[in-house]
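Commentary on secondary and tertiary structure
Residues per chain, in single letters:
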Amino acid sequence: MPALTPVTLPTSKTDASFAVAINSSGKVAGTIENEHGVRRAVLYRKDMVELGTLGSSDSYAGGINNAGDVVGTAKNADGYWRAFVAPAARAGNAFAMRDLGTLGGCSSHGAAINDAGHVVGFADTADGTFHAFRSDGVHGPVDLGTLGGQVSYATDINNHSVVAGASHGHA
């Protein structure tokens, strides 16, 4: 087994960082936090790129695919947490964070992305419960339902688009 090579996300002395996912080419999705507690989703290649927000102060990375597309959660201008996908620029370094929407409520969370760009996570519904969702990364989320209970969460998706997660069943 080859020796592990640590990757440190570059930060200032007052920043903290944590990595959440790595792809096959060694690109790392993570989050940095400054001395004021503000967190930003980042992509680390040979340099660190902040992915921005959806109009407010904070964002978190959740996953990365082999193309370098990053998924996560960011606050929007209204202060709600929303699932995002930041497609990797195929030419240049520009990323455009895209809000994936909700399932009728105000917030959503992006958890994982596969190589086809399909995103999974969870979002609140109009009645205030959370349901797992899947999105093609361009259009809004599709409710995956539950196993009979009120709550479900999608946490990962593979390259065959099989979704993993959790659901609260019947009481």
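Read on for an overview of the structure. Here the residue numbering is sequential within each chain, running from 1 through the sequence in written order. In keeping with the model being predicted, local features are shown solely for residues with a pLDDT of at least 70 and side-chain atom pairs are shown and tallied solely at 80 or more, while totals for entire chains, interfaces and linings include all residues. Side-chain measures were taken over the full set of non-hydrogen atoms in the model, leaving aside hydrogen atoms and water.

**Here's the deal with the overall build of the protein chain**
- Looking only at helices and strands, the protein chain has zero helices and 14 strands in total.
- What you see in the protein chain, going N to C, is helices and strands ordered as β-β-β-β-β-β-β-β-β-β-β-β-β-β.
- For the protein chain, buried positions account for 40% of its 171 residues.
- A separation threshold of at least 6 residues defines the contact pool for the protein chain, and within that pool the share at least 24 residues apart is 31%. By definition, any uninterrupted DSSP run of H or I lasting at least four residues is a helix, any uninterrupted run of E lasting at least two residues is a strand, and each is numbered from the N terminus. Throughout this description, buried means an accessible area under 20% of the type-specific maximum (1.4 Å probe, protein chains only), exposed means over 50%, and partly exposed covers the range between. Whether two residues touch is decided by their heavy atoms; if any such pair falls within 4.5 Å, the residues are in contact.

**Let's talk about the side chain of Asn-76**
- Note that Asn-76 resides in strand β6 (residues 70-76).
- Classification of Asn-76 as buried rests on a relative accessible area of 9%.
- In contact with Asn-76, not counting residues within four places along its chain, are Leu-54, Gly-55, Ser-56 and Arg-82.

**So, the sheet that holds strand β8 (residues 98-99)**
- Paired strands, as defined in this entry, are two strands with at least two bridges between them according to DSSP. Taken together, the four strands give an open sheet; going across it, the order is β5-β6-β7-β8, and neighbouring strands pair in antiparallel fashion. Looking at the sheet topology across the chains shown, the edges are occupied by β5 (55-64) and β8.
- With two bridges joining them, strand β7 (residues 81-86) and β8 adopt antiparallel strand pairing. Looking at β8, one finds that Val-85 is bridged to Arg-98.

**What about the sheet that holds strand β11 (residues 130-135)?**
- Across the sheet, four strands lie side by side as β9-β10-β11-β12; this open sheet has antiparallel pairing. The open sheet is flanked by β9 (104-113) and β12 (142-145), the only strands paired with a single partner. Taking each pair of neighbouring strands and ignoring which way they run, the sheet shows an average axis angle of 35°.
- Both β11 and β12 contribute to a ladder of three bridges, which runs antiparallel. The residue bridging Ala-132 from the neighbouring strand is Gly-145, located in β12. Lines fitted to C-alpha atoms define the axes, with helix axes restricted to the stretch in contact, and inter-axis angles between N-to-C directions lie between 0 and 180 degrees.

Scope: geometric values only; no functional claims are made or implied.
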